[in-house]
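Secondary and tertiary structure notes
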Amino acid sequence: MRWFTPVMRSLFFRQSPVVEMTIVIKSAPFDPYAELASFEARVFSSPGQFGATATFVGTMRDFNEGDPVQGMFLDHYPGMTERHLEAICADASERWSLLNTLVVHRVGAIAPGESIVLVAVWSAHRAAAFEACRYIMEDLKSKAPFWKKETLADGTRWVIENTPGGT
Amino acid sequence: MEIKVKLFASLAETAGWRESSIQIADGATVLMVWAAATREAALPARALCAINMDYCVLDAVVHAGDEIAFFPPVTGG
């Protein structure tokens, strides 16, 4: 049928959206910007496929609660941690129109200045990317099973709770 | 019945173990699992729990082969 143009074909036969996400738990230092570049090169066949990228990078500070912190150990629950991060990325993909999401999180021994977490969201327009990136990060902070233990000059201590997202 | 118990972070440190298998009566709740696994230790007030890697409440009933986890409030990111 001549009227069945490619555009109309795509409207008629559009497949249900596939949730695209990648979750990575790393026990060695990573460069979040190199991760972003290699992920984009691997996942998108051309840069024109997306219009907005929102990223959040969390870095280990050398102070907390007024004390210098020399290092940190991040415990996690292998299996549940990945499952929870996949669930929140899937949830975000239902709330916003997203093209892809990437979450990279460190575990094990971490030194000040090293990246702890990278959350990146790709979408057609900025609102979805901004809002979904914040949403994923806030859920990760409040529910994903990770626990920080700080090394101070005079011993170690578990971090009791995360700071609220509004501060 | 036999179930697996996992502890994380400060709870594991306090107990001195991270993973254990215990025998418990049918119909036991998560809170009863805690008591049996830790010899009646007090459960920290804000501790969280999970059955088979899904968050649950303390009076949830466990089943043979379940993996029950206890941990403090999360502090990742």
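As the structure is a computational prediction, the values presented were derived from the model and not from experiment.

**Notes on the overall build of chain B**
Helix and strand counts for chain B come out as 2 helices and 5 strands. Helices (α) and strands (β) of chain B occur, in sequence order from the N terminus, as β-α-β-α-β-β-β. Projected onto its principal axes, the C-alpha coordinates of chain B cover approximately 35 × 25 × 20 Å. In chain B, which comprises 77 residues, the share counted as buried stands at 48%. Partitioning the contacts of chain B with sequence separation of at least 6, the portion at a separation of at least 24 is 48%.

**Re helix α3 (residues 80–95) of chain A**
Owing to its 3.6 residues per turn, the α-helix aligns residues three or four sequence positions apart on the same side. The end-to-end C-alpha distance of α3 of chain A is 22 Å, a good match for the 22 Å that 16 residues give at a rise of 1.5 Å each. Where α3 of chain A is concerned, the buried positions are M80, T81, H84, L85, I88, C89, A92 and S93 of chain A.

**Comments concerning the sheet that holds strand β9 (residues 146–152) of chain A**
Note on sheets: strands pair through backbone hydrogen bonds, and any given pair is parallel or antiparallel. Residues and elements named next belong to chain A. Read across the sheet, 4 strands follow the order β7-β5-β9-β10 without closing on themselves; strand pairing throughout is antiparallel. One side of each edge strand has no neighbouring strand; the edge strands of this open sheet are β7 (108–110) and β10 (155–158). Going across the sheet, the axis of each strand differs from the next one's by a mean of 25°, ignoring polarity. As paired strands, strand β5 (residues 71–76) and β7 are joined by 3 bridges and run antiparallel to one another. Bridge assignment links M72 to a residue of β7, and that residue is I110.

**Remarks on the packing of α3 of chain A against helix α4 (residues 126–143) of chain A**
Residue and element names in this part refer to chain A. Relative orientation of the contacting elements α3 and α4 amounts to 150°, with a least axis distance of 10 Å. One finds that α3 runs roughly antiparallel with respect to α4. When you trace α3 past α4, the crossing you get is right-handed. The residues of α4 that touch α3, namely those facing H84, L85, I88, C89, D91, A92 and R95, are A132, Y135, I136, D139, L140 and K143.

About the thresholds
Each chain carries its own residue numbering, running from 1 in the direction its sequence is written. Each chain gets a letter, beginning with A, and each ligand a number, beginning with 1, in the order they are written. Owing to the predicted nature of the model, reporting of local features is limited to residues with pLDDT of at least 70; listing and counting of side-chain atom pairs is limited to 80 or more, with chain, interface and lining totals taken over all residues. With hydrogens and water set aside, each side-chain value is computed from the structure's full complement of heavy atoms. Helix and strand labels come from DSSP, where a helix needs a run of H or I of at least four residues and a strand needs a run of E of at least two; each type is numbered from the N terminus. Each residue is assigned to one of three classes by its accessible area relative to the maximum for its type, calculated with a 1.4 Å probe on protein chains only: buried under 20%, partly exposed between the two thresholds, exposed over 50%. Working rule for contacts: check all heavy atoms of both residues, and any pair within 4.5 Å makes them a contact. Expected span of a helix: the number of residues minus one, times 1.5 Å. At least two bridges found by DSSP between two strands is the condition for calling them paired. For every element, the axis is a line fit to its C-alpha atoms; helices are fit only across the contacting stretch, and the angle between N-to-C directions ranges from 0 to 180 degrees. The labels follow the angle: roughly parallel below 35 degrees, roughly antiparallel above 145, roughly perpendicular from 65 to 115, and oblique for the rest. By the definition used in this description, the sense in which the near helix is turned from the far one sets the handedness, with an anticlockwise turn below a right angle giving left-handed and a clockwise turn giving right-handed.

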